[in-house]
Amino acid sequence: MSTFSGLLQEANLIGGTWVGADSGKTLAVSNPATGEVLGQVPNCGQSETQRAIDAASAAFAEFGRTALSYRVGLLHKLHDALMDNQEALAHLLTAEQGKPLFEARGEIAIGAAYVRWYAEEIRRAKGEIVPAASNDRRLLVTHHPVGVVGAITPWNFPSSMLARKLAPALAAGCTVVAKPASATPYSGLAWGKLCQEVGYPAGVVNILTGSAREIGGAIMDSAEVRKVTFTGSTEVGKTLIRQSADTVKKVSMELGGNAPFIVFDDADLDAAVEGAMVAKYRNMGQTCVCTNRFYVQAGIYDAFVERFSQATAALVVGNGAEDGVQQGPLIDMGAVEKVEALIADALAKGGQVQQGGKRHGNGGTFFEPTIITDANASMRFATEEIFGPLAAIFKFESEDEVIAAANATRFGLAAYAYTRDLARSFHLNERLDYGLIGINSGLIATVEAPFGGVKESGMGKEGGSQGLDDYLVSKYTCLAGLGA
């Protein structure tokens, strides 16, 4: 624990003060690779959340009117603090979440990059002067911070998901009440510590751990919270959207996915396999943009399965803190049991285990990276999100057939395709019903571009210039009586 002990916070940040739960109750946080209890965090609820909202509301009165240069300067300091502590933060992330260290280091770096991006992008959040119909008027459109923001983040990317919400909010001049996932709270609490250290005023950033129902309920009930940003399941997202109606909050939702990965006969096979490994097995398959369904054209199907299986079999499974490990444990036993249920369903419907298929010899929540061939549309993973290291491979014949199959889901977050045909690439852009599309790449998220889905995969965008929109409100001002 010594590698990150200076960043491990076992209290919540409310109004600039580190506190426990009113009840004194705590939640244990465990390392999924070893079962070791890392520590305890406060089990907070409604009363603590209301105090955090009050603190954020009071802080917004001043922070929302601060100079642009002041906010930009704080963001640059925060970026530098993240990178100065990258190694310790990565070890902390791996300890509570399980992903390999090289992935954890990358997550800290991309989080810092989001902070830097919005330090730059807020300078370009320009208003406009609209031509008026008469000479005695001037029509102004200006942008302003939305107010107090509630941010609810998941366990699979506990640092970078908070970065994508905190960075644009703080850039715009908003204050934040954030709730990290109970399974991985330390990465979120570390953000609070760093924000405090670089000089954010008390109440600007508040971090709470505890009951999702009570904390989330207080956030949704509060009229002071003007915007809520959530990353998580579609089912929870729908509940939050319904709850937002009573106070008419702005909401942005990054929800579930069921990503197709299409390999056409003309694809570069080596590149397709390389992209498949990233798109499927990053974070042990526990990402919202992970490939759920591989669609491989008949002419290249056998060759792809053979090479993909070889690469999958070579993955090193173990404790993510150890050198050379490429696959860590799943987050909990529920995740293991879901993967097992999906495999059993597929086998009962004609699927074949090509690789893996069972719990790993390491025990605990480790699971063998698995490939199922002869997949068909009747299998549960054709419509349900997997969230584990299970690759389902379908065979297809024509472009029209595979596009119809790829779109046959309520989700619409990410899709991938490998082809050398330029015209087909444009067709896929137009016909695939997804918010993110990777052509000849299995890793496409970047700070410069908007991230978000369509259909039941959510609303709003994170990243890019579009990522500021949900943290700003536009005002129109008419200046009249200026004379002819």
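Summary of the structure given here. (Residues numbered from 1 in each chain as written. Predicted model: local features only at pLDDT ≥ 70, side-chain atom pairs only at ≥ 80, totals over all residues. Heavy atoms only, no water.)

1. Comments concerning helix 2 (residues 68–84)
The test is simple: For helices the rule is a DSSP run of H or I covering at least 4 residues; for strands it is a run of E covering at least 2, with both sets numbered from the N terminus onward. Multiply 1.5 Å by the residue count of a helix minus one, and that product is the helix's expected span. Note on exposure labels: buried denotes an accessible area under 20% of the residue type's maximum, exposed denotes more than 50%, and partly exposed covers the range between, all computed with a 1.4 Å probe on protein chains only.
Taking 1.5 Å of rise per residue, 17 residues should cover 24 Å, and helix 2 covers 24 Å from first to last C-alpha, within 8% of that figure. When we look at burial in helix 2, the residues that qualify are Arg71, Val72, Leu74, Leu75, Leu78, His79, Ala81 and Leu82.

2. A few points about the environment of Leu208
Convention followed: Whether two residues are in contact is decided by their heavy atoms, any of which lying within 4.5 Å being enough.
Along the polypeptide, Leu208 turns up in the loop between strand 9 (205–207) and helix 7 (212–221). A residue is classified by how much of its surface remains accessible, and Leu208, at 0% relative accessible area, is buried. The spatial distance from the C-alpha of Leu208 to the C-alpha of Thr49 is 7.2 Å, given a sequence separation of 159 residues. Residue contacts for Leu208: discarding those within four places in its chain leaves Asn12, Ile14, Glu48, Thr49, Ala52, Val177, Ala178, Lys179, Pro180 and Ile215.

3. Regarding the pairing of strand 3 (residues 26–30)
The test is simple: A pair of strands is treated as paired once DSSP finds two or more bridges between them.
Where strand 3 and strand 4 (residues 37–42) come together, 5 bridges link them in antiparallel fashion. Looking across to strand 4, one finds that Thr26 is bridged to Pro42. Counting the residues between successive antiparallel strands, the hairpin from strand 3 to strand 4 contains 6 residues, one of them, Gly35, with a positive phi of roughly 80°.

4. Topic: empty space enclosed by the protein
Rule in force here: In the cavity and pocket records, a cavity denotes points on a 1 Å grid over the protein atoms alone where a 1.4 Å probe fits but cannot get out, a pocket denotes an open set with protein on both sides within 12 Å along at least 5 of 7 lines, and lining residues are residues with an atom within 4 Å of a point. Grid points are joined across faces, edges and corners, and a volume is the space filled by probe spheres set on the points.
Inspection of the entire model under this criterion finds 3 cavities of 30 Å³ or more. In this structure, the largest cavity occupies an estimated 60 Å³ of space. Lining the largest cavity are Arg282, Val289, Tyr416, Leu436, Gly442, Leu443, Ile444, Ala445 and Phe451.

5. Brief notes about the sheet that holds strand 5 (residues 128–130)
What counts here: Axis lines are fitted through C-alpha atoms, for helices just across the contact stretch, and the angle between N-to-C directions can take any value from 0 to 180 degrees.
Strand order across the open sheet formed by 3 strands is 5-6-20, with antiparallel pairing between neighbours. If you trace the sheet from one side to the other, it starts and ends with strand 5 and strand 20 (472–479), each paired once. Taking each pair of neighbouring strands and ignoring which way they run, the sheet shows an average axis angle of 25°.

6. A short note on the packing of helix 3 (residues 86–97) against helix 6 (residues 185–198)
Counted only if it meets this: The scheme is simple: roughly parallel for angles under 35 degrees, roughly antiparallel for over 145, roughly perpendicular for 65 to 115, oblique for anything else. Nonpolar residues are Ala, Val, Leu, Ile, Met, Phe, Trp, Tyr, Cys and Pro. Charged residues are Asp, Glu, Lys and Arg, and all others, Gly as well, are polar.
At a closest axis distance of 8 Å, the pairing of helix 3 and helix 6 adopts a crossing angle of 155°. As far as their axial angle goes, helix 6 and helix 3 are roughly antiparallel. Contact residues: helix 3 offers Leu89, Leu92, Leu93 and Glu96, while helix 6 offers Pro185, Tyr186, Ser187, Ala190 and Leu194. Across the contact of helix 3 with helix 6, the residue classes break down as 7 nonpolar, 1 polar and 1 charged.

7. Looking at the nonpolar core
Counted only if it meets this: Residues belong to a common nonpolar core when they are buried Ala, Val, Leu, Ile, Met, Phe, Trp, Tyr or Cys residues joined through side-chain atoms within 4.5 Å.
Of all hydrophobic cores here, the largest spans 60 residues; its most connected members are Leu78, Leu82, Leu170, Tyr186, Trp191 and Tyr200. Counting residues per element, this core draws most heavily on helix 4 (residues 101–121), at 10 residues. Those residues within four positions of Leu170 in sequence are excluded, and the remaining contacts are Phe63, Arg71, Leu75, Tyr200, Val204 and Val205. Within the second largest apolar cluster, 31 residues are counted, among which are Leu342, Ile372, Ala375 and Phe381.

8. What about the layout of surface pockets?
Its boundaries defined by the atoms lining it, the largest pocket holds a volume of some 850 Å³. In terms of lining residues, the largest pocket is bounded by 33 residues, among which Phe230, Thr231, Gly232, Ser233 and Val236 are the most central. With 6 residues, helix 8 (residues 234–244) is the single largest residue contributor to the lining of the largest pocket. In the lining of the largest pocket, the residues fall into 14 nonpolar, 12 polar and 7 charged. If you add up the space inside the second largest pocket, you get close to 590 Å³. Forming the walls of the second largest pocket are 24 residues, and the residues nearest its centre are Glu103, Phe157, Val278, Arg282 and Leu443. Secondary structure elements with two or more residues in the lining of the second largest pocket: helix 4, helix 5 (160–172) and helix 9 (269–281). A per-element tally of the lining of the second largest pocket places helix 4 first, with 6 residues.

9. Focus on the pairing of strand 11 (residues 250–254)
Counted only if it meets this: Seen with the strands pointing away from the viewer, any crossover whose path from the first strand over the helix to the second strand runs clockwise is right-handed.
Counting buried positions over the 5 residues of strand 11 gives 4, a clear majority of the element. As paired elements, strand 10 (residues 225–231) and strand 11 share 5 bridges and run parallel to each other. Across the sheet, the residue bridging to Lys227 is Lys250, located in strand 11. On the question of chirality, the crossover connecting strand 10 to the parallel strand 11 by way of helix 8 is right-handed. Direction of pairing for strand 11 relative to strand 19 (residues 458–459): antiparallel, over a ladder of 2 bridges. Within strand 19, the position partnered with Glu254 by the bridge is Gly458.

Just distances and angles here, no functional claims.
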